[in-house]
Amino acid sequence: MMMMMMKVSFSAFLQSCVIMMVRCDQLPLRDSSDCEIHTRQSELNSFLWTIKRDPPAFFYGTIHVPYTRVWDFIPENSKQAFQESAVVFFELDLTDPFTISALSSCQLLPPGEILQDLLPGELYLRLKAHLEYVRLMLPSWMTPDQRGQGLYAEYLFNAIAGNWERKRPVWVMLMVNALTEAEVKSRGVPVLDLYLAQEAQRMRKSTGAVEEVEEQCLPLNGLNFSQVIFALNQTLLQQESLRAGSLQVPYTTEDLIKHYNCGDLNSIIFNHDSSQVPNFRNVSLPASDQETAQEIDRYFRQELIYKRNERMGRRVKALLQEQPDRSFFFAFGAGHFLGNNTVIDVLRREGYEVEHTPAGQPLRRRSSWRAGEVELEPFLHESLQEDEELLMERLELMEKVEHKLKKKRRNKQKKQKQSHRQFNDLWVRMEDSVTAKAPPPLVRIINGYITVQTHPQEHGRANHDRTFSGSSSSWTSPALTALSVQILTRLLL
């Protein structure tokens, strides 16, 4: 469970600061309240792009939020592209234990160092006080569903903030942004990236990653110390203002989700989600702080967007060239496909034709495939209800078959008993009435065993039971047993 929380945490806890501070020099995004959720396939937003080749390859823009918040608004052709592709690649392989271990290690200070020795005293005390506030508030932030899953507040706090004294300041800054009520309520459900990775493994697809852990960690660890202190201080100031009620965040994770579902392809908000760091530019800052904020903004935009896009694009090209006969699905943060200098731009410069694929548009398929030839494996959570109904039908059938088998077995036992009677069983003492017939034996089923009990005889012999060990009530055919195991296994996986 802890490993799963770590998997979710890296993608989810970094994105929590995505839109805490939106750039003041950009045009404002349209109000989320004006966005209507569309239900028809043709009206859904699409973050799918097709790389024209045979077989085709696809780019898909993800978002670092619980998949349940966006799944119903993902077009069917996007899901179909994932299902039909033989190979699925992500930014990082979040299902690999070595990746998770490396992500944890890159956050830590060098051996022998602790955070208290690095931070200014006043900043450290404010940080400690805020974390204590979060720890006390966390039980009230948790949802009934989370408690039903067996999560409890202390465990959740330790999963996100455990060992914070040993973490580098930049990672503590990101951690603080993850410790909000909205973020805590979302824990326990895989983010979209992780869910797709888990489904790819379950469907036995080939999976991989286009980046190494160090390539995401080093830029974050590359900020100089004064910039890190500035970023952590600004983050704490914001959280303290939110606690005091003197600040309202202009755009929250809820707004991010709504823009994703409603089809707002504005690159600003999704670039912040993909870079996974906030923008600290704010018109209320003094001139010197404004300059520091601009330096941090330029640094992260260059290191975590543009340079990564170039590197990711080159690796996508290499994969397509190395495996020309395989169909690919590349799932990266949506910000890597929007704005300037995108992964798509890199592929187009290399000669590939990449087109946006609207919702409802039929997919390009391998030229050798005929219509209806491809059988798609359903997504697990979508097939559970159907499987449960099938299970109930099969169980009812099994009960009927078992009842018939029990009846048939009892009748067979009776016939065998009657056909193998000995001469002494037919002999009747002369002093007994020649017209009297012995009553039939009593046949009972006790604890699943067939028990035959004779009636008392006048010659005074004690009554006795004969028990046959062949239990009819617990017997089922091997075929039915295997079937029930398969169904139950599928439901439990």
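That block above? That's the structure.
One structure accompanies this document, and this report is about it. Values in this document were obtained by computation on a predicted structure and should not be read as measured data.

1. Concerning the overall build of the protein chain
Logical step 1: Scanning the protein chain from N- to C-terminus turns up 19 helices and nine strands.
Logical step 2: Counting every position in the protein chain, which comprises 493 residues, the buried fraction comes to 45%.
Logical step 3: Sequence-distant contacts in the protein chain: of pairs separated by 6 or more residues, those separated by 24 or more amount to 81%.
Logical step 4: A total of about 25,800 Å² of accessible surface is found on the protein chain, and carbon and sulfur atoms cover 52% of it.

2. What about the pairing of strand β5 (residues 328-333)?
Logical step 1: Most of β5 is tucked away: six of the six residues are buried.
Logical step 2: Strand direction decides the pairing type here: strand β2 (residues 57-62) and β5, joined by six bridges, are parallel. Note that in β5 the partner of F58 across the bridge is F329.

3. Focus: the state of the cysteines
Logical step 1: Here the structure, examined in full by the defined rule, presents one disulfide.
Logical step 2: Between C106 and C217 runs a disulfide, and the two sulfur atoms are separated by 2.0 Å. Between C106 and C217, the disulfide has an S-S torsion of -50° and is therefore left-handed. In this pair, C106 sits in helix α3 (residues 97-106) while C217 sits in helix α11 (residues 213-221), placing the two residues 111 residues apart along the sequence. Each member of the pair C106 and C217 is classed as buried.

4. Considering the pattern of salt bridges
When charged atoms on two side chains of opposite charge get close, those side chains can pair.
Logical step 1: In the structure shown here, the tally under the stated rule is 18 salt bridges.
Logical step 2: Of the charged contacts, one joins E377 and R202 as a salt bridge, the two residues approaching to 3.2 Å between their closest N and O atoms. In this pair, E377 is assigned in the loop between β6 (354-356) and α17 (380-419) and R202 in helix α10 (residues 192-202), connecting sequence segments 175 residues apart.
Logical step 3: Taking the relative accessible area as the measure of exposure, R202 reaches 18% and is therefore buried.
Logical step 4: With its nearest N and O atoms 2.8 Å apart, the salt bridge here joins E310 to R349. Here the residue E310 occupies a position in helix α15 (residues 287-322), and R349 occupies one in helix α16 (residues 343-349), the gap between them amounting to 39 residues.
Logical step 5: The exposure class of E310 is partly exposed, given its relative accessible area of 30%.
Logical step 6: Residue R349 is classed as exposed on the basis of its relative accessible area of 52%.

5. Overview of the sheet that holds β6
Logical step 1: Strand order in this open sheet of six strands is β4-β3-β5-β2-β1-β6, and the pairing throughout is mixed. Across the chains shown, the open sheet's two edge strands, defined by having one partner strand only, are β4 (206-209) and β6. The mean angle between the axes of side-by-side strands here comes to 20°, regardless of whether they run parallel or antiparallel.
Logical step 2: Across the sheet, α15 lies against β1 (48-51), β2, β3 (87-90) and β5, angled at about 170° from β5, the strand it touches most.

6. Considerations on the packing of aromatic side chains
Logical step 1: Following the criterion strictly, the structure yields 21 aromatic pairs and no others.
Logical step 2: A ring pair is formed by F82 and F379, whose centres lie 5.6 Å apart and whose planes are at 25°; its orientation type is stacked. Linking F82 in helix α2 (residues 76-84) with F379 in the loop between β6 and α17, this pair joins segments that are 297 residues apart in sequence.
Logical step 3: Judged by relative accessible area, which is 0%, F379 ranks as buried.
Logical step 4: Ring centres of Y133 and W141 lie 6.3 Å apart, and the angle between their planes is 70°; this geometry places the pair in the edge-to-face category.
Logical step 5: You can call Y133 partly exposed: its relative accessible area is 27%.

What counts and what doesn't
- In every chain, residue numbers begin from 1 and rise along the written sequence.
- Local features are withheld for residues below a pLDDT of 70 in this predicted model, meaning they are given only at 70 or higher, and side-chain atom pairs are given and counted only at 80 or more; totals for whole chains, interfaces and linings count all residues.
- The side-chain figures draw on all heavy atoms in the structure; neither hydrogens nor water molecules are used.
- By definition, any uninterrupted DSSP run of H or I lasting at least four residues is a helix, any uninterrupted run of E lasting at least two residues is a strand, and each is numbered from the N terminus.
- The cut-offs for exposure are 20% and 50% of the maximum accessible area for each residue type, with area from a 1.4 Å probe on protein chains only; residues under the lower value are buried, those over the upper are exposed, and the others partly exposed.
- Contacts are assigned to residue pairs that have any heavy atoms within 4.5 Å of one another.
- For every accessible area listed, the method is Shrake-Rupley and the probe measures 1.4 Å; residues are considered covered only by the protein chains on display.
- Whether two strands pair comes down to DSSP finding at least two bridges between them.
- Count a disulfide wherever a pair of cysteine sulfur atoms falls within 2.5 Å.
- When a carboxyl oxygen of Asp or Glu lies within 4 Å of a side-chain nitrogen of Lys or Arg, that pair is called a salt bridge.
- Axis lines are fitted to C-alpha atoms, over the contacting stretch for helices. Their N-to-C directions set the angle, which ranges from 0 to 180 degrees.
- Stacked, tilted and edge-to-face are the three classes assigned to paired rings of Phe, Tyr and Trp, where Trp is represented by its six-membered ring and a pair needs centres within 6.5 Å; plane angles under 30 degrees give stacked, over 60 edge-to-face, the rest tilted.

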